[in-house]
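Tertiary structure, described
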Amino acid sequence: MARMRIETAPGAEWIGEYVAGLHDGFDRCGSILFDGRNTIREDVVAGRRITVKRFRKDKGLKKLINRFRKGKAVKSFRNALRLAALGVDTPEPLAYMEVRDAMGFRKAQYYVCAYTVEEAIEDWVTDPERFDALFMTSLAKFVADLHGKGVIHKDLNNTNIRWRREGHAYRFSLIDINRMRFYDGGKLPTDVRLRNLTHFSGLTEGFRYFVQAYLRAAGMPEGLYGESMRIKRHVDAAYGRKKRFTNAVKQLFS
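Residues numbered from 1 in each chain as written. Predicted model: local features only at pLDDT ≥ 70, side-chain atom pairs only at ≥ 80, totals over all residues. Heavy atoms only, no water.

Things to note about the overall build of the chain
The test is simple: Secondary structure elements follow DSSP: runs of H or I no shorter than four residues count as helices, runs of E no shorter than two count as strands, and numbering proceeds from the N terminus. Each radius of gyration reported is based on C-alpha atoms, and the globular scaling rule is 2.2 Å times the count of residues to the power 0.38. We call a residue buried when its accessible area falls under 20% of the maximum for its residue type, exposed when it is over 50%, and partly exposed in between, using a 1.4 Å probe and counting protein chains only. Any two residues having at least one pair of non-hydrogen atoms within 4.5 Å are treated as being in contact. Only four residue types enter the charge count: Lys and Arg as positive, Asp and Glu as negative, with His and the chain ends excluded. In this description, the location of a charge corresponds to atom NZ of lysine, CZ of arginine, CG of aspartate or CD of glutamate.
Counting its secondary structure elements, the chain contains eight helices and eleven strands. Here the C-alpha atoms of the chain give a radius of gyration of 20 Å, agreeing with the 18 Å that 2.2 N^0.38 yields for 254 residues. Considering only C-alpha atoms, the chain reaches an extent of 60 × 50 × 35 Å along its principal axes. Every one of the 254 residues in the chain was classed for burial, and the buried ones make up 43%. Taking the intrachain contacts of the chain between residues at least 6 apart in sequence as the baseline, contacts between residues at least 24 apart amount to 65%. Mean positive and mean negative side-chain charge positions of the chain (47 and 30 charges, respectively) differ by 8 Å.

Written as structure tokens, this is what we have:
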């Protein structure tokens, strides 16, 4: 018999009944925003627009290993609550649900949060025609503040950072937050900080500007710029090797 575990955020008890029906009704609720490795749908509940994310099912050995780990839905939910407590913007967390079978294996998991219309930063850093010094400086301050609060988003790519314009200022928020690390006291090692900057851009002039702005915003020595570039080149080279290996394996078995 399937077992459901549901947790709602304080003040979001109104969505509990909706969440309880997700396992049977997810494919019929609202409309699809994204359908890939995971599926994301938009819906309206009690007059509020929400986003529901169903995570892909684990298979094989991964299913066995993750039987004893926290699921992505619960990590997304609790990370969002923690970010909110730290004053870091992320779509308001509302609830999560896990469904497990009689053996305790996870059959399905869902994360529910408020809908957001914010856009991904995407090519703001990579496209020279979109270069905006205020945008880049504001982004650098956001990431420096994030690190200053002891937060590492392990998938800090250019779709998981969202932006909006408020008057003459830019504001940023985080999504896809199931993979995070929180350092008590905000004491992040320098190499952890610099490596975390490498995920959302190639080695462009925009990225170079961003790193310089980040070092200033974080109060770190300007001399670390060279080390930042070294780490960036190392990470990009490793990613390139991994990508080539993966493509070669795919071709071998295609």
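The discussion continues.
Topic: the environment of His234
On the secondary structure map, His234 appears in helix H8 (residues 224-253). Its relative accessible area of 44% is what places His234 among the partly exposed residues. The spacing of His234 and Arg195 is 39 residues in sequence and 9.7 Å in space, taken between C-alpha atoms.

So, the side chain of Thr198
Here is the rule: Polar contact is defined as a pair of N or O atoms within 3.5 Å, subject to the rule that within protein one atom must be able to donate a hydrogen and the other to accept it, and that residues adjacent in sequence are counted only when both atoms are side-chain atoms.
With respect to the secondary-structure elements, Thr198 resides in the loop between helix H6 (190-196) and helix H7 (205-218). Separated by 2.7 Å, the side chain of Thr198 and the backbone oxygen of Arg195 make a polar contact. Those residues in contact with Thr198 that lie beyond four places of it in its chain are Ile231, Lys232, Val235 and Asp236.

Focus: the nonpolar core
Test applied: Each nonpolar core is a collection of buried residues, namely Ala, Val, Leu, Ile, Met, Phe, Trp, Tyr and Cys, held together in the definition by side-chain atoms within 4.5 Å.
Membership of the largest hydrophobic core comes to 63 residues, with the highest contact counts inside it found for Leu22, Leu139, Leu174 and Phe210. What Leu139 contacts, discounting residues up to four positions off in sequence, is Ile121, Val125, Ile161, Phe172, Phe200 and Phe210.

Let's talk about the packing of aromatic side chains
Working definition: an aromatic ring pair is given by the centre-to-centre distance plus the angle between the planes. So the rule is basically this: Each Phe, Tyr or Trp ring (for Trp, its six-membered ring) is paired with any other whose centre lies within 6.5 Å, and the angle between the two planes then decides the class: stacked below 30 degrees, edge-to-face above 60, tilted in between.
Within this structure, the stated rule accounts for 14 aromatic pairs. For the ring pair Phe77 and Tyr96, a centre distance of 5.4 Å and an interplane angle of 50° mean the geometry is tilted. With Phe77 in helix H4 (residues 72-86) and Tyr96 in strand E5 (residues 93-100), the pair connects residues that are 19 residues apart, well separated along the chain. In this pair, the class of Phe77 matches that of Tyr96, namely buried. Aromatic pair Trp124 and Tyr170: ring centres 6.0 Å apart, planes at 70°, arrangement edge-to-face. Taken as a pair, Trp124 in the loop between strand E7 (119-120) and helix H5 (133-148) and Tyr170 in strand E10 (residues 169-174) lie far apart in primary sequence, 46 residues in all. Using a relative accessible area of 6% as the deciding quantity, one classes Tyr170 as buried. Chaining the aromatic ring pairs together yields one cluster made of Trp124, Phe135, Phe142, Trp163, Tyr170 and Phe172.

Notes on the environment of Gly30
With respect to the element layout, Gly30 can be found in the loop between helix H2 (22-25) and strand E2 (31-35). Residue Gly30 is classed as partly exposed on the basis of its relative accessible area, which comes to 43%. Residues Gly30 and Arg41, eleven residues apart in the sequence, show an inter-C-alpha distance of 6.4 Å. Apart from the residues lying within four places of it in its own chain, the contact partners of Gly30 are Arg41, Glu42 and Asp43.

As for the pattern of salt bridges
Under the convention used in this document: What makes a salt bridge here is a side-chain nitrogen of Lys or Arg within 4 Å of a carboxyl oxygen of Asp or Glu, nothing more.
Taken as a whole and judged by the stated rule, the model has 17 salt bridges. Between Glu118 and Arg164 there is a salt bridge whose closest N-O contact spans 2.6 Å. Residue Glu118 is found in the loop between strand E6 (106-114) and E7, and its partner Arg164 is found in strand E9 (residues 161-166); the two are separated by 46 residues along the sequence. On the accessibility criterion, Arg164 (24% relative accessible area) is partly exposed. Of the charged contacts, one joins Glu205 and Arg208 as a salt bridge, the two residues approaching to 3.6 Å between their closest N and O atoms.

Structural notes on the sheet that holds E7
Threshold: Two strands qualify as a pair provided that DSSP identifies no fewer than 2 bridges between them. In this description, a line fitted to the C-alpha atoms serves as the axis of each element, helices being fitted only across the stretch in contact, and the angle between N-to-C directions of two axes falls anywhere from 0 to 180 degrees.
Strand order in the open sheet made by the three strands is E7-E9-E10, with antiparallel pairing throughout. Only two strands of the sheet have a single partner each, and these edge strands are E7 and E10. In the sheet, E9 pairs with E10 via six bridges, with the strands oriented antiparallel. Each residue of the ladder has a partner; that of Trp163, found in E10, is Phe172. Contacts from H5 reach E9 and E10, with the element oriented near 40° to E10.

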